[in-house]
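# An overview of the molecular structure
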Amino acid sequence: VCVKKRKKQKFRTFSMHVLTLYMVKVYVSSSEIVVNEANFVRKCIGAESCQDDLWGKLVCTNFKVSFIAHNSLPRQCTHRLLGEHDIPLACVEQVVTVNDVKGKQKILGSNQKLKFNPTELILYCKDFRIIRFRFDEAGPESAKKVCLAIAHYSHPADPQLLFGFEYVGKRYHGSTGRKTLMRPVNGVDPGGGLQTPLFDCSSDWDREIKRTGASEWRVCTINQGYFISPSLPEFFVVPVSLADQDLKQYACCFYSQRIPLWCWNHSSGSALVRMSNISDPQQQRKVEQRISSAITKSHPLRSDVFKSDLDKNLPNIQDIQAALLKLRQICVIDSFEESEEKWLSSLESSRWMEYVRTFLRHAVEVVYMLESRHVSVILLEKEDRDLSCVISCLVQLMCDPHCRSLHSFQGLIQKEWVMAGHRFLDRCNHLKRNDKEESPVFLLFLDCVWQLWNQYPAAFEFTEVYLTVLGDSMWVPVFSTFLFNCPRQRAEHSRDFASSKSIHLGQDQALCFPPVWDWSQQFSLKDQTLFNNPLYVGKIATCVQNGTVKTFTHRRSKKNYSSTLRGLPSALRNGSLGPNDTLTRRNSLMLRLRSDLSQVREQQETPSERFVRDFFSRPVDLQGLLLPQLLPSHLSVWKLYFLRWVPEAQIPQGGPITAFHKLSVLTDEIEMLQNQLRQYQGAAGTPNNLHAEHSKMYFKATSTPHQSPAPPEYLSSSFPFSPVGNLCRPGILGTPLSKLLNGAKIWLSTETLANETI
Amino acid sequence: DRSSGPRVSDTELRVYKDPSKDELPLLPEELVQDSAKDVTYICPFIGPVRGSLTVTNYRLFFRCTDREPVFGLDLPLGGLSRVEKIGAASSRGDVSYGVVCKDMRNLRFVHKEPENSLKKSVFEVLMKFAFPVSNNMSLFAFEYKQVFPENGWKVYDPLAEYKRQGLPNESWRISKVNDHYELCDSYPATLFVPVTITDEELRRVSSFRAKGRIPVLSWIHPESQAAVVRASQTMVGQNGRRCKEDEKLLQAIMDANAQSHKLFIFDARPSVNAAANKMKGGGFESEDAYQNAELVFLDIHNIHVMRESLRKLKDVVYPNIEESHWLSNLESTHWLEHIKLILAGALRIADKVESGKTSVVVHCSDGWDRTPQLTSLALIMLDSHYRTIRGFQILLEKEWLSFGHRFQQRVGHGDKNHTDADRSPIFLQFIDCVWQMTRQFPAAFEFNEYFLITILDHLYSCLFGTFLCNSEQQRLKEEVPKRTVSLWSFVNSQLEEFVNPLYVHYPSHVLFPTVGIRHLQLWVSYYIRWNPRMRPQEPVHQRYKELLAKRAELQKRVEELQREAANRMASSSSERAGSPTRSITPVQTFV
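These figures come from a predicted structure and were not determined experimentally. Within any chain, residue numbers begin from 1 and follow the written order of that chain's sequence. Labels are handed out in written order, letters beginning with A for the chains and numbers beginning with 1 for the ligands. Totals for whole chains, interfaces and linings use all residues, but because this is a predicted model, local features are given only for residues with pLDDT of at least 70 and pairs of side-chain atoms are given and counted only at 80 or more. Only hydrogens and water are set aside when side-chain values are computed; all heavy atoms of the structure are taken into account.

### Observations concerning the sheet that holds strand S11 (residues 261-265) of chain A
Residue and element names in this part refer to chain A. At least two bridges found by DSSP between two strands are what make those strands a pair. Helical segments are the DSSP runs of H or I of at least four residues, strand segments are the runs of E of at least two, and each set is numbered from the N terminus. Read from one edge of the open sheet, four strands run S11-S12-S14-S13, paired in mixed fashion. Among the strands making up the open sheet, the edge pair consists of S11 and strand S13 (305-309). With strand direction ignored, the average angle separating the axes of adjacent strands in the sheet is 25°. In this fold helix H14 (residues 387-399) packs onto S11, strand S12 (271-276) and strand S14 (376-381), with an angle of close to 175° to the strand it touches most, S12. Note on geometry: axes are C-alpha line fits, over the in-contact stretch for helices, and angles between N-to-C directions span 0 to 180 degrees. Note on contacts: a residue pair is in contact if any heavy atoms of the two residues lie within 4.5 Å.

### Remarks on the UniProt feature "binding site: substrate" (unreviewed entry) in chain A
Residue and element names in this part refer to chain A. UniProt positions are given in the numbering used here, feature names are shortened, and annotations may be inferred rather than shown by experiment. Mapped onto this structure's residue numbering, the UniProt feature "binding site: substrate" (unreviewed entry) falls at Asn 316 and Ile 317. Looking at where Asn 316 falls in the secondary structure, it is placed in the loop between helix H9 (310-313) and helix H10 (317-333). Take Ile 317: it is sitting in helix H10. In this structure, Ile 317 is in contact with Asp 386, Arg 427, Lys 436, Glu 437, Ser 439 and Val 441, ignoring residues within four places of it in sequence.

### Focus on the UniProt feature "active site" (unreviewed entry) in chain B
Feature annotation in UniProt assigns "active site" (unreviewed entry) to the following positions: Cys 364 of chain B. Mapped onto the secondary structure, Cys 364 of chain B falls in the loop between strand S15 (359-363) and helix H9 (370-382).

### Examining the environment of Thr 196 of chain B
All names here are of chain B. Secondary-structure assignment places Thr 196 in the loop between strand S10 (191-194) and helix H3 (199-208). Sequence separation between Thr 196 and Glu 478 is 282 residues; the distance between their C-alpha atoms is 36 Å. Among residues more than four places away in sequence, those in contact with Thr 196 are Glu 201, Lys 248 and Ala 252.

### Brief notes about the nonpolar core
What is meant by a nonpolar core is a set of buried Ala, Val, Leu, Ile, Met, Phe, Trp, Tyr and Cys residues, joined one to another through side-chain atoms within 4.5 Å. Exposure categories follow from relative accessible area, calculated using a 1.4 Å probe and restricted to protein chains: below 20% of the type maximum is buried, above 50% is exposed, and the middle band is partly exposed. Residues Phe 445 of chain A together with Phe 392 of chain B are the most contacted members of the largest nonpolar core, which totals 397 residues. It is helix H13 (residues 352-371) of chain A that contributes the most residues to this core, 13 residues altogether. Leu 139, Leu 468, Cys 469 and Val 480 of chain B belong to the second-largest nonpolar core, a separate cluster that totals seven residues.

### Considering the sheet that holds strand S13 (residues 263-267) of chain B
Within a beta sheet, neighbouring strands are joined by backbone hydrogen bonds and run either parallel or antiparallel to one another. Residues and elements named next belong to chain B. Judged by pairing direction, the sheet is mixed, and its five strands sit side by side in the order S11-S12-S15-S13-S14 without closing on themselves. Strands with a single pairing partner mark the edges of an open sheet, and in this sheet they are strand S11 (216-220) and strand S14 (293-297). Shown here is a sheet whose adjacent strand axes are inclined to one another by a mean of 25°, direction ignored. Bridge count between S11 and strand S12 (residues 227-230): four bridges; the pairing is antiparallel. When the bridges of S12 are listed, Trp 219 appears paired with Val 228.

### A few points about a negative patch on the surface
On the surface, Glu 337, Glu 338 and Glu 341 of chain A together with Glu 337 of chain B cluster together to form a negatively charged patch. At three residues, helix H11 (residues 336-341) of chain A tops the list of elements feeding residues into the negative patch. In this fold, Glu 338 of chain A is placed in helix H11. Patches draw on residues past 30% relative accessible area with no salt bridge. Two like charges within 9 Å are joined, as are two nonpolar side chains (Val, Leu, Ile, Met, Phe, Trp, Tyr) within 5 Å. The Shrake-Rupley method, run with a 1.4 Å probe, gives the accessible areas here. Residue values count only the displayed protein chains as cover. The salt bridge definition used is simple: a Lys or Arg side-chain nitrogen within 4 Å of an Asp or Glu carboxyl oxygen. In summary, the charge assignment counts Lys and Arg as positive and Asp and Glu as negative, without counting His or the chain termini. Where a charge lies is defined by one atom per residue type, namely NZ (Lys), CZ (Arg), CG (Asp) and CD (Glu).

### Examining unusual backbone geometry
It is generally the case that most residues other than glycine have a negative phi and that most peptide bonds are trans. Between Phe 719 of chain A and Pro 720 of chain A the backbone carries a cis peptide bond, its omega angle lying at 5°. Tracing the backbone through its elements, the reader meets Pro 720 of chain A in the loop between helix H28 (691-694) and helix H29 (740-744). With an omega dihedral of -5°, the bond running from Leu 167 of chain B to Pro 168 of chain B counts as a cis peptide bond. Structurally, the position occupied by Pro 168 of chain B is in the loop between helix H2 (158-164) and strand S9 (172-175).

### So, the pairing of strand S8 (residues 130-134) of chain A
All names here are of chain A. Burial runs high along S8: five of the five residues are buried. Because side chains alternate across S8, one face comprises the buried residues Ile 130, Arg 132 and Arg 134, and the other comprises Ile 131 and Phe 133, equally buried. One ladder, built from five bridges, connects strand S7 (residues 120-125) with S8; its direction is antiparallel. The partner of Glu 120 across the bridge, within S8, is Arg 134. The antiparallel pairing of S7 with S8 creates a hairpin that spans four residues between the two strands, and Phe 128 there sits at a positive phi of about 80°.

In structure tokens, the structure reads:
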């Protein structure tokens, strides 16, 4: 048994888990309360047999569903809020109870009754996990109670019942408020000294105006106290030519009084602006004209304004939600072998990849207007709170290398999502009240970023693990980032909660929720190094040569781009010779040839296609403009996010992580050498042994000579996540389900399986 | 200048920096045969372009004259599978020519017929030189006389390779029975067989195996002694013939491995096809006759199905891909499904050998198409040596070339008969499978993608002798090693181009790839490389090289400073003994 466990241990990797060794029960804080629990519960690991199942206690708290296994072992790294088998309640999508003797099944909501004693509980999670517990040996009453409790607590009736309020509220007890909490981001990053701007104060905006050289734009404070618009932040940026008085007057014409918001300035002076629809049709023309002319005045060349209608060109939030549901179906719900046959066409019919491409393509169109036509662009969306968040971020990521550093990327999300009032509360459906409002717009955005990252991995400071963990953090309901629909809602709820619970806030005006950017809330500093991309070519990446410091620029080798002509027009597609045209239909060929020729001549490539073609005909400057390749053959499924729980899809000791390992080690060596150089040159004098703590790399250089270290055995394509026990597909009711682990080994012999269970 | 060397152009169109210069780079012994001005190339991406067309005994070269920037089209004639005049001349005297290439593209030219009907058109010259074999001429490989620092024909020495595996040993011996290719003309001269089987018995076995391809050893596990054995199908026929020597041989193979009392026979074919072969005298081992042997069918389809699948794939990817139905179109070609079945078969073989410690016999019908696909992929999974650049060359020389994969027939070098039913992309499929594995294990292979593409380009180019002929015997008869240059001479003379910088050598590491469709992807940088919207990408490797350079630079600098410090200390220690020193451990270098 011992051997077996050790073997299993190999595959058990990440973090995200509190040590449950020695049955020490760790709760997040005193704010976490146990609601109900059941003993002698089995967590299903394998599907065919129950021999791998874990025995333990199932606990429902006001924060999470926790499973405390009797025989868990410590893991590599740990999540500070969640144990190995824990699921935050906010991550639970559906609670299904089953009685396989009676052949009954029920989806539980809040405050519901259950007429049978469950033998099984299946939790469908928003992060694509499917977790099963069996109650064969548990008391029927306690099993029922814990199921009802989970169902109830995963449907909070009020936002203030979300765990974050308790969590943050408790931290004020016995303290004098802000002093101990500080602004959390400041406290986290002892090494870097960089910070994530939250854009909740006018100075962050001022800095952004200066950085982008938007001298004809100013910070506007008329919405302080949220008196003008309920969904706008207190501070935002407008053209200098518009006075506060004008803005107040125009505000009422816009949907939800949302005055157009400045996002960013291109170095040419063109501005990116987002705007909601004008609700008053009589005023529309006039107001639009005023706004446009003000934006024009703010342009150094007095260029025109281009309006980009997002609602017309992009899928809506329901489309996006439907696509994700279909994607989830084929990724984790359908049995592996069945979905395998039609994987590509099912993927296509989910439309998820198509939408990713549509958003990226639209962003490229906007980039073209800014970059090549030198005009300002207004992103127009009915409410200006969903699609424009995606597009404005993508545009900035493509144009502005600054945004590709970790802190600036976080700042970008603060600016374009959190402050601009993306309805995270509704889109995440944390209250499970209105399914129609639920939509993974933010996940879609992360996928778009991943595609860019995948095509230019050295251009971003962060890794795909970072993007994945960021997506998962939406379901940990303690962060200001994802809990609210807009800054005003956060302010009101925090104030109300504080006063209703008589919390003494000290200097704070409201409860101060940590933003997700305070990563030390969730991970140790060591684990956070998984976010650092060893390939990143930052601005400050310098190279010491002969004692002088020179910039280390990214150069492509000559053979990669020289003497090639690339990026030809896509518009020629229709007029080109299909393979069928060429030789297979001989009889009709002469006629066809003629029409081909004439068509080809008439086809004109559009200016934006020419722009893209020109871009691809030059070597890429990773510190400059980046455009994605958008042929459907060049986009891939974000496997780490969507397939990490699927055991059959795991590549043991393989996957991109093995390359990451090697790169990480090399980059660490470079850091070490640089430290040594600094020591020799007498600067700063950081002692050598501090290196290990300060290293930005997860995998460190070893002092063992001769050989490059082989990737550790526990690495797999799912790292740092592990499919073990995280994906139990539902089978036919009442039967021991799916072929789970069996499917993974379908090509392997019985010997292999036998060896593993010895 | 290497760029003018035997590199096959990696993009369709090559831009010329100095248009005034005629930049046709001729190889040694390459001669211009004909050229014509005013040829129109109908580029599927940018439309018709006018220019001049030159045909040499090695390549087709088109240089445009009416565009800025000036660019050209440069491809070896070996890559052409068909050149045809399409329809009759138009009223203006224009004739259209279609060129179908083996590397996934079709070209179309329009040209005026020469007014003097006695003069041959440049395309008639092209047809002659593109298909030298059909015109009783020799392939360009026999003319090409470039000298490289290394002789690639020496890469593979069978005895040395078997010795590396610890052979011969007490269970396996070298047999000289095929020294003069009398036993089997498509097998190599050096064969390894169980010691308990005599050459006379081998002769009897050869009459029972298709084309005389008897079960012989391919690879042996260094620890368990489980062997990978390859063969062709048994000639069982409808009457259920048996051959006691064959049964004895398989028993001996099993006995040579003390770890297991079983033998697995992997028949690559779908069982229906295997059964159908009985009508033609072939068939498969019956479990009655071969006790202790278990027969497994791997459901891999035949050469005709694969050819059809690639044809469909070409339809889907060239010249442009249909954006809205890309994935379902790709699915309908079944290309990835075939790749999956081959990889899955190889995985089962490797797993049987590694985890089950059981010897395996692999065959299909003749044992020269699906069999080398399976054995060589299984060997790559099992033996890290074959994941190095030289090891991979040895693997190809051994499993594919010496064991008689019919390259001449499958590729049709210099043969104008493009409809030949023997053509099939078996080797391409194998390289695709290798590429899939390099994607899943980015640090496990010493070579990069460019290495694989180079092999495929020269599979067709007929510049090197490596992939000529159908068997070892034929290559010797044609004196290929004497009269041509090996591809490995070229490759090994500039290895740095082909090295994967992320490679980590861990000797006893077995790779078990994941064979699900989810993890297989279309090799776009090969199949879609002609599309100008496709950008070659190796940024990770590029960046890694930069980091290596940076590390080297820093190391040098640190060492310099260390020396300086040591010198200073030596001079100052005489004055002031016992001054505090920080000891600095040098960072170890490993690349």
